[in-house]
Amino acid sequence: MSEELVKEEVEKSELAKSVQSMLNEEKWTRAAITNYSKSNFIELAAVVEKAKNESCADEVKQICDEHLQHTKNSIIALYISGILALKKRALDNSSLDTLVGIFQDNHKNNIVIYLCDTILAEDDSNKFAYRTLAGCYREEGNDKLWDVYEQIVRLDHDEAETAKLLAERYEKQGDLETAIDYYKKAILRYVNQKALNQTKEVWTKLVALIPEEIDFFYLVQRKIAKTISGDKSALLMQELYGYYKIQRKWDTAIDILKLILSIDEKDSNARKELIECFRGKYAGHSQLEECIRISNLSQGWRDVAEAIADFEKHIAFDTKNFVFHRSWGVGIIRQVREDQLTINFGKTHGIREMSLKMAVSALQPLSRDHLWVLKATKSREELAKLIKDDKTWALKTIIKSFGNNCDFKHIKAELVPSILTPGEWTSWSTAARKILEEDATFGVNSNDISMYTVREHEVSPEEKLSNEFKAQKQFFARIDILMRFAQEADTDSELFQEMFGYFVNHLKSFSAVSEQTIASYLVIRRLIAENPSLDPGIQYTFAQLYAEIEDPRALYLELKDTKNTSLRKDFLTCIKMLPNWVDEYIKLFPTALSGDMIITLLNSDQAAKVRDLAAACFDNPREYGEAAVYFFREYQNESWFVEAGISYEKQIITLIHIMNQCYREIDMHVNTTENRKIIRQVENLLFKDDTLLKYILEHDTDTITRFYTIVDDVRNLDPMIKMKMRNRILEKHPDFKFFGAEEKTVTPQGLIVTAKMYDAKQQQLEHIAAVEIPANSKEVGEALAMGDLRENAEYKAAKERQGQLNNQATRLQEEINRAQIFDPTTITTARVSFGTTVTLKNEIAGKDETYTILGPWESDPDNGIISYMSPFGNALLNSKEGEALEFSINERDCKYRVKKIVAVKL
């Protein structure tokens, strides 16, 4: 052992001996508690720091722990052992708890406060220390008590009474915003504790302070109904109802009464109040009392839900109200006489008479700001401008128009193409989605997160995210909302604790380790790292969980990263902490394909294993095909990869075989999406920059033959790629023979088109879909309203046109889906091909003829442009200058000699 190590060992022993001596002296002298002061603990703190600096903390702690086995109240041993445990973040703080208790029992508050401050300096989330401090400050009447109370409320989410005390203090000081925040914390905690009387007290206070925050009261009501009882929640809602009745805010008052009646339909007082609210809301309605009478709303024997539905159907039909008929569109009620309605449906459908009974079943009442009313009363240009200029108003208008429950698909259907073009929708929808996510006046349906709602008042970010969390049913999407909450809102909120608790409970109650178990562990671990006070005391380690994973590669794929999470990266980080992490990384890499894993392995002197891994991937492409592609793409020129000794020829051949295998699996409908992704990668690597062509053209014709044969054997490979290879090979080797393929015609899988014509066809399809079809649908509707379809020539003509337009749009879409835009840079004049102009000598007529070879979309025979897919164009393909051609088309013999081939300027 070196002198330095010997010296270090001696010093450790000396410190340990010194601590042992201090403990013995304490035992012999039996120092009284009253003799201890802060200075004594400052000296002990120096001993702890020295033990830590000299790396003998474990040795010193062991001496103290052994001493405590027979001297349980040793002040020195309790302090040193406790502080050292605290510095190591040990779960057992019993030594410090005992130490503080000794001085509390002896009323040494100054020492107790000092010890608590010491504990909190190491662990600022120690509930015991804060509660003890609160006791001391309470005895002293020290105003620091309130700061401690705030920490207790922050850390202990069961602490309701202290939250209420803080709320009352801030209210007296005039800080209502903070007071309301603490009252909210208090009521949610009282509800969780089923403390009804305290809940009522805080509810009354909040009704006085924030009656407009209706969404918060609904949230608390739901919790009370679930935790305590529905009847009790209804009683509290009656108190809130009083405010809205006084303020004459009839819609909200009616909603509250409907909720109360849904809990107790026999509540006669709520029923009576509902009628009064309807009278307030519809004051001046000509048929109000009649609607109340025929709905039997005031009769206790009538089912209250049915009575309300009947009343709301009938009350909607009054003068100047708008309605919608499925054939006649939007109309306005011009007159109501007894049970007869006169409705104006505009110029096209005119004035219609209808009984009230018929109107209830045939018409849909519309509010004045309903989108359909706006469409009927404003010009398209005016409405489009409004919608584009004020997206928030537009979203609220659309969502409210459809029962305050509308998904994005429905929003699009209402706007495109009647108001916005598809191009305008693209940019509008991006901004609209951001508004829906960020604006607190928008929410989601609690049962379906895809359905958006509009709130009368803004809610806090915490409430908005909590509602989204409850509505979201997908596990990984819920993790994303939790992480958004941690980034954007108050993690001390009760609502965050509920969300966080969902994953804690998931981790505590699993029966087998799944991707959800690991994801719960990872997200809890990340949040605790950022906020240690959240630590729920999970006993499992990652190593324990990982040992139970049946297939880590499969589980890795099941972990879903989202906008606000990187679970896969966190998973790999945790694996790095395992003792056998190198082997696990090697096993997992072909699935994870993470460059960080390779860097980590190389930085840990594991280059040999990485080289072996790369070689194994190219040796076994059937199992590790995607990894082989990754190595080729990312590490081609890295020295360690070169040292792996995988020849470049082998690498290229392996990639071609991988592509071929992927095509075969697609034919068998196996992993289609994943295989298409790998094919795109290989094609980009080998063909996009002519990597393969450059390689083979640098070698002899035997190499060219071998590689072209392998490529040609990939049956599903785009023939355009093969055509380009053939052309380039012929440019360098004009007499090159393609075995068995001299006369082979390359027919592309898709439809080769020029970029210009592709754009033109897209515009044509868009015009049919956005202009012609909607116009025709309107014509069909107008013709339908004209009566007897048997003698209706206008209807028949409109329907016939409808069929033609639909067929035309379908055919165009199919052709566009098949279209492959031709790359002008691939034009070759070595043979006749797409994009060339060929001059032919007609041996029968004895004259020259010139033709340009393009596609069927560009075909114009009168101007010498023919399709490569036509019989004549197909017969010319692949012929060379000087070549003689003989063929027959439609029983007509043709005899030509190719004189000249030039490239077309596209």
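Everything below is about the structure shown above.
My aim in this report is to walk through the structure given alongside it, one point at a time.

Scoring rules and cut-offs
- Here the residue numbers are simple positions, counted from 1 along each chain's written sequence.
- Predicted model: local features are reported for residues with pLDDT of at least 70 only, side-chain atom pairs are reported and counted for 80 or more only, and whole-chain, interface and lining totals are derived from all residues.
- By convention in this description, side-chain values take in all heavy atoms of the structure and omit both hydrogens and water.
- Numbering of helices and strands runs from the N terminus, with a helix taken as a DSSP run of H or I at least four residues long and a strand as a DSSP run of E at least two residues long.
- Note that the radius of gyration is over C-alpha atoms, with the globule rule given as 2.2 Å times the number of residues to the power 0.38.
- Note on exposure labels: buried denotes an accessible area under 20% of the residue type's maximum, exposed denotes more than 50%, and partly exposed covers the range between, all computed with a 1.4 Å probe on protein chains only.
- Axis definition: a line fitted to C-alpha atoms, over the contacting stretch in the case of helices. Angles run 0 to 180 degrees between N-to-C directions.
- In this scheme, roughly parallel covers angles under 35 degrees and roughly antiparallel covers those over 145, while 65 to 115 is roughly perpendicular and the rest are oblique.
- Crossings are classed by handedness, with left-handed meaning an anticlockwise turn of the near helix from the far one by less than a right angle and right-handed meaning a clockwise turn.
- Here, residues are in contact when the closest pair of their heavy atoms is within 4.5 Å.
- By the convention used here, strands pair only if DSSP detects at least 2 bridges between them.
- The nonpolar core is taken to be a set of buried Ala, Val, Leu, Ile, Met, Phe, Trp, Tyr and Cys residues, with the residues joined through side-chain atoms within 4.5 Å.
- Helices are assigned an expected span. That span is 1.5 Å times one less than the residue count.
- It is the directions from the helix axis to the C-beta atoms whose arc is reported.
- Note on definitions: the grid is 1 Å and covers protein atoms alone; a cavity is a set of points where a 1.4 Å probe fits but cannot get out; a pocket is an open set with protein on both sides within 12 Å along at least five of seven lines; lining residues have an atom within 4 Å of a point.
- Grid points are joined across faces, edges and corners, and a volume is the space filled by probe spheres set on the points.
- Classes in brief: Ala, Val, Leu, Ile, Met, Phe, Trp, Tyr, Cys and Pro nonpolar; Asp, Glu, Lys and Arg charged; the others, Gly included, polar.
- Classification of ring pairs uses Phe, Tyr and Trp, with its six-membered ring standing for Trp, and accepts pairs whose centres are within 6.5 Å; under 30 degrees between planes counts as stacked, over 60 as edge-to-face, and the remaining range as tilted.

1. With respect to the overall build of the protein chain
Part 1 of the argument: Counting its secondary structure elements, the protein chain contains 44 helices and 15 strands.
Part 2 of the argument: Its C-alpha atoms give the protein chain a radius of gyration of 40 Å, clearly above 29 Å, the size a compact globule of 906 residues would have.
Part 3 of the argument: Projecting the C-alpha coordinates of the protein chain onto the three principal axes gives extents of approximately 130 × 105 × 40 Å.
Part 4 of the argument: Taking all 906 residues of the protein chain together, the buried fraction comes to 48%.

2. Considerations on the packing of helix H7 (residues 127-140) against helix H8 (residues 144-155)
Part 1 of the argument: Contact geometry for H7 and H8: axes closest at 9 Å, N-to-C directions at 150°. In terms of axis orientation, H7 runs roughly antiparallel to H8. Considering the relative orientation of H7 and H8, their crossing is left-handed. Of H8, the residues touching H7 (which contributes Lys127, Tyr130, Arg131, Leu133, Ala134, Tyr137 and Arg138) are Lys144, Leu145, Val148, Tyr149, Gln151, Ile152 and Leu155.

3. Some points on the sheet that holds strand S5 (residues 364-366)
Part 1 of the argument: Read from one edge of the open sheet, 5 strands run S4-S3-S2-S1-S5, paired in antiparallel fashion. Only two strands of the sheet have a single partner each, and these edge strands are strand S4 (351-355) and S5. Adjacent strand axes in the sheet meet at a mean angle of 40°, parallel and antiparallel pairs treated alike.
Part 2 of the argument: Sheet topology places strand S2 (residues 329-337) next to strand S3 (residues 340-344); 5 bridges connect them, and they run antiparallel. Residue pairing for S3: Gln335 is matched across the bridge by Thr342.

4. Here's the deal with the nonpolar core
Part 1 of the argument: Judged by nonpolar contacts, the single largest core of 208 residues is most densely connected at Phe41, Ile80, Phe571 and Phe631.
Part 2 of the argument: Every residue in contact with Phe41, bar those within four places of it in the chain, is listed here: Tyr36, Ile75, Tyr79, Leu99, Phe103, Ile111, Tyr114 and Leu115.
Part 3 of the argument: Ile752, Leu765, Ile768 and Ile827 belong to the second-largest nonpolar core, a separate cluster that totals 35 residues.

5. Quick notes on H8
Part 1 of the argument: For H8, which comprises 12 residues, the first-to-last C-alpha distance of 17 Å matches the rise-based estimate of 16 Å (1.5 Å per residue) to within 8%.
Part 2 of the argument: All buried positions along H8 are accounted for by Leu145, Val148, Tyr149, Ile152, Val153 and Leu155. Buried residues of H8, seen end-on, are gathered within an arc of 165° and therefore sit on one face of the element.
Part 3 of the argument: On its buried side, H8 packs onto H7, helix H9 (161-173) and helix H10 (176-192).

6. Concerning helix H26 (residues 475-488)
Part 1 of the argument: With 14 residues, H26 should cover 20 Å at 1.5 Å per step; its first-to-last C-alpha distance of 20 Å lies within 8% of that length.
Part 2 of the argument: For H26, the buried fraction is high: 10 of the 14 residues fall into the buried class.
Part 3 of the argument: Residues of H26 that are buried include every one of Phe475, Phe476, Arg478, Ile479, Asp480, Ile481, Leu482, Met483, Arg484 and Phe485, and no others.

7. Describing the layout of surface pockets
Part 1 of the argument: Size it by volume and the second largest pocket reaches roughly 1500 Å³.
Part 2 of the argument: The wall of the second largest pocket is formed by 40 residues, among which Gly329, Lys375, Ala376, Ser418 and Lys778 lie closest to the centre.
Part 3 of the argument: Only strand S1 (322-325), S2, helix H18 (346-349), helix H20 (371-377), helix H21 (380-389) and helix H42 (755-784) provide two or more residues apiece to the lining of the second largest pocket.
Part 4 of the argument: It is H42 that provides the largest number of residues to the lining of the second largest pocket, a total of 10 residues.
Part 5 of the argument: Across the lining of the second largest pocket, the residue classes break down as 17 nonpolar, 15 polar and 8 charged.

8. Brief notes about empty space enclosed by the protein
Over the atoms, a rolled probe matching the size of one water molecule traces out where space is still vacant.
Part 1 of the argument: Using the criterion set out here, one finds 2 cavities of 30 Å³ or more in the structure.
Part 2 of the argument: When its volume is computed, the largest cavity comes out at roughly 60 Å³.
Part 3 of the argument: If you go around the largest cavity, the residues you meet are Met720, Met723, Lys724, Asn727, Phe822, Thr826, Ile827, Thr828, Ser833 and Phe834.
Part 4 of the argument: Looking at the lining of the largest cavity, its residues break down into 5 nonpolar, 4 polar and 1 charged.
Part 5 of the argument: Roughly 40 Å³ of internal volume is contained in the second largest cavity.
Part 6 of the argument: Gln287, Cys291, His314, Phe317, Val336, Glu338, Leu341 and Leu356 are the residues that line the second largest cavity.
Part 7 of the argument: Class assignment of the residues belonging to the lining of the second largest cavity gives a composition of 5 nonpolar, 2 polar and 1 charged.

9. Quick look at the packing of aromatic side chains
Part 1 of the argument: Summed over the entire model, instances satisfying the criterion amount to 51 aromatic pairs.
Part 2 of the argument: Ring plane angle 65° and centroid distance 5.9 Å describe the contact between Tyr282 and Phe311, whose orientation is recorded as edge-to-face. Within this pair, whereas Tyr282 is found in the loop between helix H15 (268-281) and helix H16 (288-295), its partner Phe311 is found in helix H17 (residues 304-315), the two being separated by 29 residues in sequence.
Part 3 of the argument: Using a relative accessible area of 0% as the deciding quantity, one classes Phe311 as buried.
Part 4 of the argument: Their ring planes at 85° and their centres at 5.7 Å tell us that Phe469 and Tyr502 sit as a pair that is edge-to-face. Taken together, the positions of Phe469 in helix H25 (residues 461-471) and Tyr502 in helix H27 (residues 494-508) put the pair 33 residues apart, joining distant regions of the chain.
Part 5 of the argument: Using a relative accessible area of 5% as the deciding quantity, one classes Phe469 as buried.
Part 6 of the argument: Looking at Tyr502, the relative accessible area reads 30%, which means it is partly exposed.

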